[in-house]
Each structure stands twice: as structure tokens, then as C-alpha cells.
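Take a look at the letters that make up each chain.
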Amino acid sequence: MNINDRLDKDINFGRKVSLFTFLVATLLMLIFYFTEYIGTIYLVFLYFFTALGFNSYVFLRLLISYFKEGEKRTTIIFTLVLLLINIPVGFLYTDLGFKIYNSIMSNN
């Protein structure tokens, strides 16, 4: 496998990771929102930190490729931006999760 094939696989993998982590986080937050099952919040936090670490690894790998490879920089940048978008979404979901959790706990 040559460098361009590996880079294409890394870019595609980065996009899939970005979409997958966003969709799973959204699904977990919706489950928590509609069921108000307190145990879900622990799963959400576990997922949040796992996804943060995994997204960071993929991000760093693509960032290194950006500086090493002269080709496909715009494609790499686009994928990096997709991964970065997950950060504010993760914080938004975390904040929303705490608000839901606090409202559930105050009603009990």
C-alpha cells in the first residue's frame, strides 16, 4: 500500500469516525432525554470520554499527515473541521445532560 492509499483510508476513516461519534452521541442524548433514566447518564459520560480520546487520536493522525503530505491538504482540512465540530456538540450535549439530570434529581 502506498502513502496516498493510506492517506485516503485515513481521510475516509476520519469522516466516518466524525459522523459515527456524532450520531451515537445524539442517539444517547435522545434516549436520556426521553426516558429520563438516570443510569443512561453514566453511559453517556463513558461514551463522551471514549469518543473524545478516539477523535483526538484520529485528529492528530490527520494533522500529522497534513504537515507531511503536500497533496490533499484541503481534503484533510475538511475532515479535521468535521472532527472539530464534534467538540462544541459534545460540550452542548454534556451541558444539556447536566440540566436534564439536575431537573430529574430535583423532582425526586
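See above for the structure.
Remember, predicted model here, so these are calculated numbers, not experimental data.

Participant: Hey, could you run me through the overall build of the chain in this one?
Facilitator: Of the regular secondary structure elements, the chain holds three helices and zero strands. Ordered by position in the sequence, the α and β elements of the chain form the string α-α-α. Its C-alpha atoms give the chain a radius of gyration of 17 Å, clearly above 13 Å, the size a compact globule of 108 residues would have. By the burial criterion, 35% of the 108 residues in the chain qualify as buried. The contacts in the chain between residues at least 6 apart in sequence include a share of 77% that link residues at least 24 apart. Across the chain, the 9 positively charged side chains and the 7 negatively charged ones have centroids separated by 4 Å.

Participant: Mind showing me how you'd approach the packing of aromatic side chains here?
Facilitator: The geometry of an aromatic ring pair is captured by the separation of the ring centres together with the interplanar angle, meaning the angle of the planes. Taken as a whole and judged by the stated rule, the model has four aromatic pairs. Ring geometry for Phe48 and Phe49: centres 5.2 Å apart, planes at 75°, overall edge-to-face. Consider the rings of Tyr66 and Phe67, whose centres lie 5.2 Å apart with planes at 80°: the pair is edge-to-face. One aromatic cluster is present, formed by Phe48, Phe49 and Phe91 through successive ring pairs.

Participant: Can you help me understand helix H3 (residues 73-107) in this one?
Facilitator: An α-helical turn contains 3.6 residues, so any two residues separated by three or four positions project in the same direction. If you check H3, its first and last C-alpha atoms are 52 Å apart, about what 35 residues at 1.5 Å a residue would give, namely 51 Å. Among the residues of H3, those classed as buried are Ile76, Thr79, Leu80, Leu83, Asn86, Val89, Gly90, Tyr93, Thr94, Gly97, Ile100 and Ile104.

Participant: Honestly, the environment of Glu71 in this entry has me stumped. Any pointers?
Facilitator: Within the fold, Glu71 resides in the loop between helix H2 (39-68) and H3. Judged by relative accessible area, Glu71 falls into the partly exposed class, the value being 48%.

Participant: So what exactly am I meant to see when it comes to the nonpolar core here?
Facilitator: Grouped burial of nonpolar side chains is what soluble globular proteins tend to show. Core analysis: the biggest nonpolar cluster contains 13 residues, and Leu28, Met29, Phe32, Tyr47, Tyr93 and Ile100 have the highest contact counts within it. Only helix H1 (3-35), H2 and H3 provide two or more residues apiece to this core. Residue contributions to this core peak at five residues, all from H1. For Phe32, the residues in contact, after removing those within four places along its chain, are Tyr37, Ile38, Thr40, Ile41, Gly97, Ile100, Tyr101 and Ile104. With 10 residues, the next largest nonpolar core counts Leu7, Val17, Phe59 and Leu80 among its residues.

The rules we used
- As a convention, each chain's residues are numbered from 1 in the sequence order in which they are written.
- Where local features are concerned, this predicted model is filtered to residues with pLDDT of at least 70; where side-chain atom pairs are given and counted, the filter is 80 or more; whole-chain, interface and lining totals use all residues.
- Heavy atoms throughout the structure, all of them, feed into the side-chain values; hydrogens and water do not.
- By definition, any uninterrupted DSSP run of H or I lasting at least four residues is a helix, any uninterrupted run of E lasting at least two residues is a strand, and each is numbered from the N terminus.
- Radius of gyration means the value over C-alpha atoms here, while the globule rule gives 2.2 Å times the residue count to the 0.38 power.
- Under the scheme applied here, a residue whose accessible area is under 20% of the maximum for its type counts as buried, over 50% as exposed, and between as partly exposed, the area being computed with a 1.4 Å probe on protein chains only.
- Contacts are assigned to residue pairs that have any heavy atoms within 4.5 Å of one another.
- Charged residues are defined here as Lys and Arg on the positive side and Asp and Glu on the negative side; His and the ends of the chain fall outside this count.
- Note on charges: their place is set at NZ of Lys, CZ of Arg, CG of Asp or CD of Glu.
- Here the aromatic set is Phe, Tyr and Trp, taking the six-membered ring for Trp, and pairing holds for ring centres within 6.5 Å; pairs whose planes are under 30 degrees apart are stacked, those over 60 apart are edge-to-face, and all others are tilted.
- Here, expected helix span is obtained from the residue count minus one, scaled by 1.5 Å.
- In plain words, nonpolar cores are sets of buried Ala, Val, Leu, Ile, Met, Phe, Trp, Tyr and Cys residues tied together by side-chain atoms within 4.5 Å.

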